[in-house]
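# Close look at the chain arrangement
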Amino acid sequence: MVKKIFDRPPEVRFWFFSRTLIESLNPFKYYELSSRSVAKSTKYLFGLVILSSLILGMLIFMNMMSFHSAFEDEMSKLDSIGLNISLHEPIVIEKFKFAFVNECNYTDENLLITNKEIVRKPTFCTLLKPACIFSNNPVITDYTNLQDHVDDLGNFLFIIFVLMFPGLLLLYLIFMMIKIVIIIGLLSIIAYIITKLTKYPLKYNRILLCALYSSTILVMLEPINLMVINLYYLHVITFILIFILALILVIRRSYRYNYM
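Conventions adopted
- Residues numbered from 1 in each chain as written.
- Predicted model: local features only at pLDDT ≥ 70, side-chain atom pairs only at ≥ 80, totals over all residues.
- Heavy atoms only, no water.
- Helix = DSSP H or I, 4+ residues; strand = E, 2+ residues; numbered from the N terminus.
- Contact = heavy atoms within 4.5 Å.
- Areas by Shrake-Rupley, 256 points an atom, 1.4 Å probe, with all protein chains shown as cover.
- Axes fitted to C-alpha atoms, helices over the stretch in contact; angles between N-to-C directions.
- Left-handed = near helix turned anticlockwise from the far one by under 90°.
- Nonpolar A, V, L, I, M, F, W, Y, C, P; charged D, E, K, R; others polar.
- Salt bridge = Lys/Arg side-chain N within 4 Å of Asp/Glu carboxyl O.
- Buried < 20%, exposed > 50% of the residue type's maximum accessible area, 1.4 Å probe, protein only.
- Expected span 1.5 Å × (residues − 1).
- Arc of directions from axis to C-beta.

### Brief notes about the overall build of the protein chain
Scanning the protein chain for helices and strands turns up eight helices and five strands. Contacts in the protein chain between residues at least 24 apart in sequence constitute 64% of all its contacts with a sequence separation of at least 6. In the structure as shown, the protein chain presents an accessible area of about 16,300 Å², 68% of it carried by carbon and sulfur atoms.

Structure (structure tokens):
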């Protein structure tokens, strides 16, 4: 019989994940944590990175909301603007249909920026293609008359950020997963070599899982480090300290009679 992918109710899996997250901050729990299977621990790590991505997404969204209001306030100070774009060839972002050129006629781009004006699709047309049926006339903003279009331009930039939002989260998730796997792998190999040189060696799986679970603090604080305040590697140092302490406690418990 094929094993079910989700063999436990969602609330049970959520409770198990939350309990594991809390226990991973306690080095005294690592003897039990490091006894789990690599497969189950990998699922926890993946869930942890997803949670970190959601936290980052929430922080980005809050920043986007504050940007929207701040943009309008700051742009109210501006009467006109002049740009002198000098490109030896156009800059075109095909995926989002953005174009930055010296001079050009509008050809259905989402956003076209030239020396004289900003030309773009209507906001709802950019967000939902079916809306273009009702309104597809380009919105032209002349730099000398920018003040009349501040609110609409702010809405448009907000929509652009919203469209880029899923891609940013996916990019962070992939980057964070690769980064944390490399860190866990290197740290566990170094620790394994060190323990092999002592009279209290540990199995590599135990060391690997100690590194995996101790990375919780690093993964959870990375969005704060990126979006709120520079932690100056304090979360990395805390991660390493938890790993070292957890490793010592696991070794002591594994060889408890040798210490007596």
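### Notes on the packing of helix α6 (residues 204–214) against helix α8 (residues 234–254)
Their axes nearest at 9 Å, the elements α6 and α8 cross at an angle of 145 degrees. With respect to the hand of their crossing, α6 and α8 are arranged in right-handed fashion. On the side of α6, the interface is formed by R206, I207, C210, A211 and S214, while α8 contributes F239, I242, F243, L247 and V250. Grouping the amino acids of the contact of α6 with α8 by side-chain chemistry returns eight nonpolar, one polar and one charged.

### Some remarks on the side chain of E222
One can find E222 in helix α7 (residues 216–227). The residues touching E222, leaving out its near neighbours within four places in the chain, are Y172, M176, K179 and H235.

### Some remarks on the pattern of salt bridges
For the structure on display, the rule yields four salt bridges. The partner of E32 in a salt bridge is R253, and the shortest N-O contact between them spans 2.8 Å. One end of the pair, E32, is in helix α2 (residues 30–33); the other, R253, is in helix α8, and 221 residues separate them in sequence. Judged by its relative accessible area of 40%, E32 is partly exposed.

### Considerations on α8
Side chains of residues three or four places apart in an α-helix project in the same direction, reflecting 3.6 residues per turn. Along its 21 residues, α8 runs 30 Å from first to last C-alpha, staying within 8% of the 30 Å computed at 1.5 Å per residue. Taken as a whole, α8 has its buried residues at H235, F239, I242, F243, A246, L247, V250 and I251. Take α8 and look down its axis: the buried residues cluster within an arc of 160 degrees, on one side only. Away from the buried face of α8 by more than 90 degrees, exposed residues L234 and L241 are located.

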